[in-house]
Amino acid sequence: MLKYYTGIDVGTYHVKVVIATPSESPDLPMQIIGTGIAISRGMRHGFIVDPNEATKSVKEALARASSSAKVPIKNARVALGGLGLDEIRSTGEVTLTSSGGIVTVRDIERAERESEKRASSKLTNRTIVHTIPIEFRVDGMKVLGQPNGLQGTKLAVDTLLITMLSQHHDDLIEAVEAAGVEVVGVMASPLAASLVTLTKAQKTAGVVLANIGAETLSVIIFDNDVPISIKVFPSGSSDITN
């Protein structure tokens, strides 16, 4: 049975759908078996202003992709963009043990959740899309790489929280699901774009990826192979045309 995945990007100008299937070797990229594009309606600066029109556009793109790949589309992953996307910096700290403990994956997750809690005052009307660790410290000493297996009494993490206005986040998901497709995952559009356009060497050396959309310009910055900033500006190619 053919295994395949569907991705949807709801932009201000176009709704784009891609269907891909894994290659026989895990080292090879996935193979695209179908695509679909439709003119976006009901969108402004990357967020939905008319849910019914947006759903019609999603349905149209889905139908074209499904016909192209000759497979039904039941679920999909959705790229989230637009002016509602932003960043928050935070720090989380957890105690390992008073006598010194070994850092585990669970401890790292606890520290990341603590950083989310500390940022709660800045998260009014916002949804966290990604929590990205930027730097770890064990007992105040900076860790190069991952802290798994290190011993200490306290683990701290500095995080980049990629957030989105909750209304925009929910509206996009509802528009896709109203088109008859279950949303099984979401990702910030600039981060998704970086996975297919940037090499590990570029991200390690330090690089800026700018995506000029119809009404927005999104920017994501990498250093040491980690995203350290993400911004969306209310200008795009339509402004250049005008």
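Residues numbered from 1 in each chain as written. Predicted model: local features only at pLDDT ≥ 70, side-chain atom pairs only at ≥ 80, totals over all residues. Heavy atoms only, no water.

**Points about the overall build of the protein**
Item 1. Counting its secondary structure elements, the protein contains six helices and 16 strands.
Item 2. Judged by the C-alpha coordinates and their principal axes, the protein covers about 60 × 45 × 35 Å.
Item 3. Residues counted as buried form 43% of the 242 residues belonging to the protein.
Item 4. Considering only contacts in the protein between residues 6 or more positions apart, those separated by 24 or more positions represent 62%.
Item 5. Of the roughly 12,900 Å² of accessible surface on the protein, a fraction of 53% belongs to carbon and sulfur atoms.
Item 6. Counting 24 positive and 26 negative side-chain charges, the protein places the centres of these two groups 1 Å from one another. (Helix = DSSP H or I, 4+ residues; strand = E, 2+ residues; numbered from the N terminus. Buried < 20%, exposed > 50% of the residue type's maximum accessible area, 1.4 Å probe, protein only. Contact = heavy atoms within 4.5 Å. Areas by Shrake-Rupley, 256 points an atom, 1.4 Å probe, with all protein chains shown as cover. Lys, Arg positive; Asp, Glu negative; His and termini not counted. Charge placed at Lys NZ, Arg CZ, Asp CG, Glu CD.)

**Some words on the sheet that holds strand β1 (residues 5–10)**
Item 1. In space, the five strands of this open sheet follow the order β3-β2-β1-β6-β13, with mixed pairing throughout. Of all the strands in the sheet, just β3 (31–39) and β13 (182–188) have a single pairing partner and so form its edges. Between one strand axis and the next, the sheet turns by 20° as a mean value, whatever way the strands run.
Item 2. Strand contacts of helix α4 (residues 189–197): β1, β6 (75–80) and β13, with the helix running at about 80° to β13, the strand carrying the most contacts. (Pairing = 2+ DSSP bridges. Axes fitted to C-alpha atoms, helices over the stretch in contact; angles between N-to-C directions.)

**What about the nonpolar core?**
Item 1. Counting residues in each nonpolar core, the largest one holds 42 residues, and the members touching the most others are I8 and L62.
Item 2. Counting residues in each nonpolar core, the second largest holds ten residues, with V103, F136, V143 and L155 among its members. (Core = buried A, V, L, I, M, F, W, Y, C linked by side-chain atoms within 4.5 Å.)

**Here's the deal with the packing of helix α1 (residues 51–69) against helix α3 (residues 166–178)**
Item 1. Look at α1 against α3: their axes get within 8 Å of each other, and the N-to-C directions meet at 55°. Put simply, α1 runs oblique to α3. Where α1 crosses over α3, the two elements pack in a sense that is right-handed. Side by side, α1 and α3 meet where A54, T55, V58 and K59 of the first sit next to A175, V176 and A178 of the second. (Parallel < 35°, antiparallel > 145°, perpendicular 65-115°, else oblique. Left-handed = near helix turned anticlockwise from the far one by under 90°.)

**A closer look at the layout of surface pockets**
Item 1. Volume-wise, the largest pocket comes out at about 1,200 Å³.
Item 2. Taken together, 41 residues form the lining of the largest pocket, with D9, A79, S189, A192 and A193 sitting closest to its centre.
Item 3. Secondary-structure elements contributing two or more residues to the lining of the largest pocket are β1, β2 (14–21), β6, β13, α4 and β14 (207–212).
Item 4. Of the residues assigned to the lining of the largest pocket, the class counts are 22 nonpolar, 15 polar and four charged.
Item 5. Size it by volume and the second largest pocket reaches roughly 380 Å³.
Item 6. Lining the second largest pocket are 16 residues, with P133, I134, E135, N224 and V226 positioned closest to its centre.
Item 7. Breaking the lining of the second largest pocket down by element, the ones donating at least two residues are β9 (126–138), β10 (141–143) and β16 (226–233).
Item 8. If you tally residues by element for the lining of the second largest pocket, the top one is β9, at five residues.
Item 9. Of the residues contributing to the lining of the second largest pocket, the split by class is nine nonpolar, three polar and four charged. (1 Å grid on protein atoms, 1.4 Å probe; cavity = no way out; pocket = protein on both sides within 12 Å on 5 of 7 lines; lining within 4 Å. Points joined across faces, edges and corners; volume = space filled by probe spheres on them. Nonpolar A, V, L, I, M, F, W, Y, C, P; charged D, E, K, R; others polar.)

**Considering the sheet that holds β16**
Item 1. Pairing in this open sheet of three strands is antiparallel, and the strands run β14-β15-β16 from one edge to the other. Edge strands, defined here as strands with exactly one partner in the open sheet, are β14 and β16. Mean inter-strand twist for the sheet, computed between neighbouring axes without regard to direction, equals 15°.
Item 2. Looking at chain direction, β14 and strand β15 (residues 217–223) are connected through six bridges and run antiparallel. In the strand pairing of β15, V207 is matched with F222.
Item 3. Helix-sheet contacts for α4 involve β14, β15 and β16, and the interaxial angle to β15 is about 60°.

**Points about the environment of T163**
Item 1. Here T163 lies in strand β12 (residues 154–165).
Item 2. Separated by 34 residues in the primary sequence, T163 and V129 have C-alpha atoms spaced 5.3 Å apart.
Item 3. Filtering out sequence-adjacent residues up to four positions away, T163 remains in contact with G84, L85, D86, I88, L123, R126, T127, I128 and V129.

These figures come from the coordinates and say nothing about function on their own.
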